[in-house]
Amino acid sequence: MARDIATELIHHPYQPPAGFEAPQGAVHKASTIIFANVAALRSRDWRHKTGYTYGLHGTPTTFALEERIATLEGGRECVLVPSGLAAVALVGQALLSQGDEVLLPDNVYGPSLNFAKGELARWGITHRLYDPLDVAAFAAMLGPQTRLVWLEAPGSVSMEFPDLAGLAAAARARGITTALDNTWGAGIALRGFEHGIDIVMQALTKYPSGGGDVLMGSVVTQDAALHERIKLTHMRLGLGVAANDCELVLRSLGTLPLRYAAQDAAGRALAVWLGTQPEVVQVLHPALPGSPGHAHWQRHCTAAAGLFSVMLDERFSTAQVDAFVDALRLFRLGYSWAGPISLVVPYDLAGLRSPQAAQRPHLRGHLVRFSVGFEAVADLQADLAQALQTALR
Ligand SMILES: *Cc1c(COP(=O)(O)O)cnc(C)c1O
């Protein structure tokens, strides 16, 4: 008997063509995955990637991206989550229990601190902030309750670059797990496992996506037992990523080193030029001498992201600084970075840092952060010059 068209449209005879090779792989989408028989259903194991069982537990598309991000970071296993912040949260949820303590650098990505304050605290997990530029003081803070240490190199917004290997070694000596937020390094400027770090997390939203149009995060490990703990929590929380978002990141990964190098060169050129302007009292770019932690950057990295901040003189009012930012035309006002459009954000450090951290001498004045896109450097410099002229001279 001929089947109804409704049935035929679902049970179509399509098979991917054998021998079809193309630069990009196919995009595989599924919640349901069909098993040939009950024996196959009972025997398949999603945990070790030996078979497909359900969309949340992996598809050829998520496995392909996981493999490539693990390779990028120099790790063995990767899990994907819907945002960079979800990756931070997953690590905390997988590794911390009531009574534990997590240490965060005092220049940590703001929403990571909010996660500790808002969620971990409710679950009886405490946190303290450490000075990322003081390894001895950090080592002295490590206690029997300390179960996890977050590292960022450089820290968000104020861009201090820590002695990453020194911090990791101090934690390792006490048997404490370390996790690096490697969004800035992107596996290009910095590879955490080479510096003794246990977990490397990244907001794929930034460099790996590169388009300003995808949200995704990754958690990479080398140790199989650590991966298993994270993977099981990931499964129990029901975290998954969309195949079409994976496709966009996979498509962008091939140009990651080129994009990183181009934005590095443009960022350094603009940061150096801004440093020569009388309104700028401090440039916060780890690859430039005079930036806090520059010597540490030299020891850990050869490249830098196209991201930097400047301190504008404290003689300006907040309204004048806001007018400078509003006068920019090519630098658009918005969060995130590593996309094609240059971005700018003025930050109020008082609301972002502990009182001691906000009072460091290199943070005197008004902080403005720039993310450099793919526009011509000369045009970006002209934009900065006209905005300085309009608002601050
Ligand atoms: C953007 C960012 C994140 C979070 O990524 P989302 O995908 O936006 O949640 C985490 N850490 C750092 C350092 C970031 O810059």
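Residues numbered from 1 in each chain as written. Predicted model: local features only at pLDDT ≥ 70, side-chain atom pairs only at ≥ 80, totals over all residues. Heavy atoms only, no water.

Engineer: Please clarify how the overall build of the protein chain should be interpreted in this entry.
Structural biologist: Secondary structure summary: the protein chain contains 14 helices and 12 strands in total. At 23 Å, the protein chain has a C-alpha radius of gyration in line with the 21 Å of a compact globule built from 393 residues. Across its three principal directions, the C-alpha atoms of the protein chain cover 85 × 50 × 35 Å. When the 393 residues of the protein chain are sorted by exposure, 54% land in the buried category. Here the protein chain displays about 17,900 Å² of accessible surface, and carbon together with sulfur accounts for 55% of that area. Here the protein chain contributes 31 positively and 35 negatively charged side chains, and the mean placements of these two sets differ by 4 Å. (Helix = DSSP H or I, 4+ residues; strand = E, 2+ residues; numbered from the N terminus. Rg over C-alpha atoms; globule rule 2.2 N^0.38 Å. Buried < 20%, exposed > 50% of the residue type's maximum accessible area, 1.4 Å probe, protein only. Areas by Shrake-Rupley, 256 points an atom, 1.4 Å probe, with all protein chains shown as cover. Lys, Arg positive; Asp, Glu negative; His and termini not counted. Charge placed at Lys NZ, Arg CZ, Asp CG, Glu CD.)

Engineer: What exactly am I supposed to notice about unusual backbone geometry here?
Structural biologist: Among all residues except glycine, the phi angle is most often negative; among peptide bonds, the trans geometry is most common. Backbone torsion omega between alanine 153 and proline 154 reads -10°, so that peptide bond is classified as cis. If you trace the backbone, proline 154 turns up in the loop between β4 (146-152) and α7 (164-173). Residues other than glycine seldom take positive phi values, yet serine 336 does so here, at roughly 75°. Here serine 336 lies in the loop between β10 (332-333) and β11 (343-347). Owing to a relative accessible area of 26%, serine 336 belongs among the partly exposed residues under this scheme. Residues other than glycine seldom take positive phi values, yet alanine 338 does so here, at roughly 75°. Here alanine 338 is to be found in the loop between β10 and β11. Since its relative accessible area comes to 1%, alanine 338 is described here as buried.

Engineer: Even after reading the chapter, I still don't get the nonpolar core, so can you show me in this structure?
Structural biologist: Grouped burial of nonpolar side chains is what soluble globular proteins tend to show. Counting 59 residues, the largest nonpolar core has Leu65, Phe138, Val149, Trp184 and Met216 as the members making the most contacts within it. In terms of residues, this core owes the most to one element, α7, which gives five residues. (Core = buried A, V, L, I, M, F, W, Y, C linked by side-chain atoms within 4.5 Å.)

Engineer: Would you mind going over the sheet that holds strand β3 (residues 126-130) with me for this structure?
Structural biologist: By definition, the strands of a sheet pair up through backbone hydrogen bonds, in either a parallel or an antiparallel sense. The mixed open sheet is built from seven strands, whose spatial order is β1-β7-β6-β5-β4-β2-β3. Across the chains shown, the open sheet's two edge strands, defined by having one partner strand only, are β1 (77-81) and β3. Averaged over all neighbouring strand pairs, the angle between strand axes comes to 20°, with direction disregarded. Sitting on the sheet, helix α5 (residues 110-120) is in contact with β2 (101-105) and β3, with an inclination near 155° to β3. (Pairing = 2+ DSSP bridges. Axes fitted to C-alpha atoms, helices over the stretch in contact; angles between N-to-C directions. Contact = heavy atoms within 4.5 Å.)

Engineer: Would you take a moment to explain the pairing of strand β5 (residues 177-181) for this structure?
Structural biologist: Within a regular beta strand, the side chains point alternately toward one face of the sheet and then the other, so they alternate between its two faces. Where burial is concerned, most of β5 is hidden: five out of the five residues are buried. Here β5 shows no split at all, with Thr177, Ala179 and Asp181 on one side and Thr178 and Leu180 on the other all buried. The pairing of β4 with β5 spans five bridges and is classified as parallel. What sits directly across from valine 149, in β5, is threonine 178. Note on the crossover from β4 through α7 to β5: the handedness is right-handed. Examined bridge by bridge, β5 and strand β6 (residues 199-203) share three bridges and lie parallel to one another. Bridge assignment links leucine 180 to a residue of β6, and that residue is valine 200. (Right-handed = clockwise from strand over helix to strand, strands pointing away.)

Engineer: Looking at this structure, I do not really get the state of the cysteines. What am I missing?
Structural biologist: Scanning the model with the defined rule gives zero disulfides in all. Free of any disulfide, cysteine 78 has its nearest cysteine sulfur in cysteine 246, 9.6 Å distant. Taking the relative accessible area as the measure of exposure, cysteine 78 reaches 2% and is therefore buried. When its relative accessible area of 0% is taken as the criterion, cysteine 246 is described as buried. (Disulfide = S-S within 2.5 Å.)

Engineer: Honestly, the site of the ligand in this entry has me stumped. Any pointers?
Structural biologist: Near the ligand there are 13 residues, and of these Gly84, Leu85, Asp181, Thr205 and Lys206 occur at the shortest range. The separation between an oxygen atom of the ligand and a polar main-chain atom of leucine 85 is 2.8 Å. One of the side-chain nitrogen or oxygen atoms of threonine 205 is found 2.5 Å away from an oxygen atom of the ligand. Out of a free accessible area of 380 Å², the ligand has 89% covered by protein chains. Classifying every residue of the shell around the ligand by side-chain character gives five nonpolar, five polar and three charged. (Near = heavy atom within 4 Å. Polar contact = N/O pair within 3.5 Å; in protein donor to acceptor, adjacent residues only side chain to side chain. Nonpolar A, V, L, I, M, F, W, Y, C, P; charged D, E, K, R; others polar.)

Function cannot be inferred from these measures alone, as they are strictly geometric.
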